[in-house]
Amino acid sequence: IAIVVILGLTIGLSFVMLVGHQSVESKVGAALASIGTTVNIIPVGYGTGSAANAHLTTAELDQVAQLPDVVGLDESLPGSLPPGSLGAPLSIVGTNDPATPSNIGASALAIVAGHLIDGAGAADNAMVSATVAERNHLMVGSTFRAYSADLTVTAIFDSDTDNGNDTVIVPLATE
């Protein structure tokens with residue numbers, strides 16, 4: 001009887017441990033899914049708007065791309081539009097992935113008119129926030145002048161931050 005009881009307890013405890021292990025795995029998976037997997041890499045001392053910024057080189061970015069588990073790079077280059085371009089001081093971000101909200105300091109970016117620009121291209125196209133578009137009477141197809149170039153508005157977007165809503169997005173090569 002003792003051997004059967006001990007064997008029963010062993011089987012019962014094994015079952016409880018198996019269920020506990022599966023529960024912990026699902027909790028860890030849910031936690032990892034909620035925190036995301038985006039890592040921002042910037043040079044030491046970098047600050048938006050600073051005239052002394054050093055940017056990562058193509059060779060440095062190639063090294064990052066070769067790291068295990070890296071599935072893609074979203075390159076961006078922030079700056080500011082020169083005075084007189086579009087009213088108040090605005091940020092301009094050149095990026096190869098214009099749909100990524102973290103490029104403009106936001107967690108959400110939604111196109112409200114037009115279509116995404118080709119971040120890998122070099123066209124003089126721009127995405128402007130709805131706030132910038134309203135303030136400057138811009139719509140899809142409008143043009144504005146910045147950096148001695150005429151940029152065409154191909155999309156109007158909305159983000160969930162004030163900083164993001166004072167931004168113009170252009171292809172990385174254009175910036």
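Small disclaimer: the values here were computed from a predicted structure and weren't measured. (Residues numbered from 1 in each chain as written. Predicted model: local features only at pLDDT ≥ 70, side-chain atom pairs only at ≥ 80, totals over all residues. Heavy atoms only, no water.)

Quick look at the overall build of the protein now. A tally of helices and strands in the protein yields 3 helices and 7 strands. Here the protein holds 175 residues, and the buried ones make up 28% of them. For the protein, restricting intrachain contacts to residue pairs at least 6 apart in sequence, the fraction spanning at least 24 positions comes to 63%. Accessible surface for the protein amounts to roughly 11000 Å². Of this, 61% is attributable to carbon and sulfur atoms. (Helix = DSSP H or I, 4+ residues; strand = E, 2+ residues; numbered from the N terminus. Buried < 20%, exposed > 50% of the residue type's maximum accessible area, 1.4 Å probe, protein only. Contact = heavy atoms within 4.5 Å. Areas by Shrake-Rupley, 256 points an atom, 1.4 Å probe, with all protein chains shown as cover.)

With that settled, consider the nonpolar core. Core analysis: the biggest nonpolar cluster contains 14 residues, and Ala126, Val128, Phe144, Leu151, Val153, Val168 and Val170 have the highest contact counts within it. Of all the elements in the fold, those that place two or more residues in this core are strand S4 (125-129), helix H3 (130-135), strand S5 (143-146), strand S6 (149-159) and strand S7 (167-171). Ranked by residues supplied to this core, first place goes to S6 with 3 residues. (Core = buried A, V, L, I, M, F, W, Y, C linked by side-chain atoms within 4.5 Å.)

Everything listed is a geometric property; what it means functionally is a separate question.
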